[in-house]
Amino acid sequence: MSKVEEFEELRPLLFSIAYRILSSVGEAEDAVQETWLRFDASATKPTSTKAFLSATVTRISIDVLRSARVRREEYVGPWFPEPLLSDPYQNPARSAELADSVSMAALLLLERLSPLERAVFVMREVFAFGFDEIAAAVGRSEAACRQLLVRARRHMEAGRPRFGADPQERQELATRFFDALKDGDVGGLQELLAADVQFVGDGGGKAPQLAKALVGAENVARVLGTVFPWLIRIDVTCEPHEVNGQPGAIFRDRDGKVLHTLALDVLDGQIQTIRAVINPDKLGHIGPVADAWAIDRKLKQARRRSN
């Protein structure tokens with residue numbers, strides 16, 4: 001194969017590594033592109049192209065993450081990863097690890113790790129790289145990488161997300177949830193929500209959002225059941241879609257532009273957490289982005305007219 005063909009064959013894996021380290025679609029794509037530039041400029045052929053490219057994209061991602069962490073500390077309101085609609089890398093032998101590691105809950109948990117811990121955890125636990133390959137990627141000894149993994153596992157186990165329902169069960173519950181949402185069925189919504197459910201939005205100060213997280217089945221059901229039917233009346237559509245490997249939806253305005261995404265964490269037959277990504281900077285990779293402030297004004301006008 002030519003260099004281009006070798007790279008394109010491995011591109012899905014490289015993106016998947018970078019996304020799990022960075023939690024950003026745009027930054028992951030940039031890291032993959034920079035990896036190609038370095039590969040293309042290299043005069044020597046690596047013994048293993050996969051090992052070389054994986055190490056390169058990991059090192060680039062670690063550097064990007066170090067600077068990104070400073071920006072995230074200054075972020076306005078709750079910070080969520082950029083929503084990923086589909087993971088380009090598929091490996092049947094590790095499908096469970098891949099699905100779990102890309103969920104919003106898991107990515108938020110990875111934020112607790114140092115950049116090196118995160119990279120080692122992703123390479124070993126998700127993609128099953130050998131410690132020799134990991135050591136070469138992060139520039140540490142194999143012994144040091146083992147210690148980094150021990151610390152990372154300890155942090156992850158302390159708050160590891162659990163998704164007890166099988167995919168079909170989760171999808172059926174999500175279908176009932178979005179049907180009740182469209183109908184404004186507050187009682188129906190409340191039945192699907194865990195008692196301590198949380199509804200949290202990430203607007204980054206660039207879109208209307210809740211002043212704080214809503215907690216409790218009654219509160220969340222009442223707000224969702226009141227607001228979303230009005231959104232539908234002003235021609236906002238709800239498009240069910242997997243988001244970060246979990247049931248979710250994309251909401252669009254009347255022109256089909258992306259307003260926000262929702263992702264649902266499901267456990268024990270109930271929805272535990274609802275996360276909305278509203279920040280327009282995090283939605284551009286999905287498609288043209290709607291003017292959330294304009295939608296908010298239309299919503300308020302419609303509700304005033306009805307009173």
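Everything here concerns the structure above.
Below is a summary of the structure that appears in this document. (Residues numbered from 1 in each chain as written. Predicted model: local features only at pLDDT ≥ 70, side-chain atom pairs only at ≥ 80, totals over all residues. Heavy atoms only, no water.)

## Observations concerning the pattern of salt bridges
Thinking step 1. One pass over the full model with this rule turns up 18 salt bridges.
Thinking step 2. A salt bridge links Asp202 to Lys282, with the shortest nitrogen-to-oxygen separation between them at 2.6 Å. Here Asp202, found in strand β1 (residues 193-202), pairs with Lys282, found in the loop between β6 (270-277) and α12 (292-306); they are 80 residues apart in sequence, far enough to count as distant. Of the two residues, Asp202 and Lys282, neither departs from the other in class, the shared state being buried.
Thinking step 3. Salt-bridge contacts for Lys206 lead to Asp281; the nearest nitrogen and oxygen are separated by 2.3 Å. Taken together, the positions of Lys206 in the loop between β1 and β2 (214-215) and Asp281 in the loop between β6 and α12 put the pair 75 residues apart, joining distant regions of the chain. (Salt bridge = Lys/Arg side-chain N within 4 Å of Asp/Glu carboxyl O. Helix = DSSP H or I, 4+ residues; strand = E, 2+ residues; numbered from the N terminus. Buried < 20%, exposed > 50% of the residue type's maximum accessible area, 1.4 Å probe, protein only.)

## Thoughts on the packing of helix α6 (residues 115-126) against helix α8 (residues 142-159)
Thinking step 1. Where α6 meets α8, the axes come as close as 8 Å, and the angle between the chain directions of the two elements is 90 degrees. As summarised for this structure, α6 and α8 are arranged roughly perpendicular, according to the angle between their axes. Contacts between α6 and α8 involve Leu116, Glu117, Val120, Phe121, Arg124 and Glu125 from the first element and Cys145, Leu148, Leu149, Arg151, Ala152, Arg153, His155 and Met156 from the second.
Thinking step 2. Classifying every residue of the contact of α6 with α8 by side-chain character gives 8 nonpolar, 1 polar and 5 charged. (Axes fitted to C-alpha atoms, helices over the stretch in contact; angles between N-to-C directions. Parallel < 35°, antiparallel > 145°, perpendicular 65-115°, else oblique. Contact = heavy atoms within 4.5 Å. Nonpolar A, V, L, I, M, F, W, Y, C, P; charged D, E, K, R; others polar.)

## Topic: helix α2 (residues 25-41)
Thinking step 1. With 17 residues, α2 ought to run about 24 Å at 1.5 Å a step, and its terminal C-alpha atoms sit 25 Å apart, in line with that.
Thinking step 2. Here α2 has its buried residues at Val25, Glu27, Ala28, Ala31, Val32, Thr35, Trp36 and Phe39.
Thinking step 3. At its buried positions, α2 is contacted by α1 (3-22) and α3 (49-73).
Thinking step 4. A side-chain oxygen of the first residue of α2 lies 3.1 Å from the backbone nitrogen of Glu27; this N-cap is Ser24. (Expected span 1.5 Å × (residues − 1). Polar contact = N/O pair within 3.5 Å; in protein donor to acceptor, adjacent residues only side chain to side chain.)

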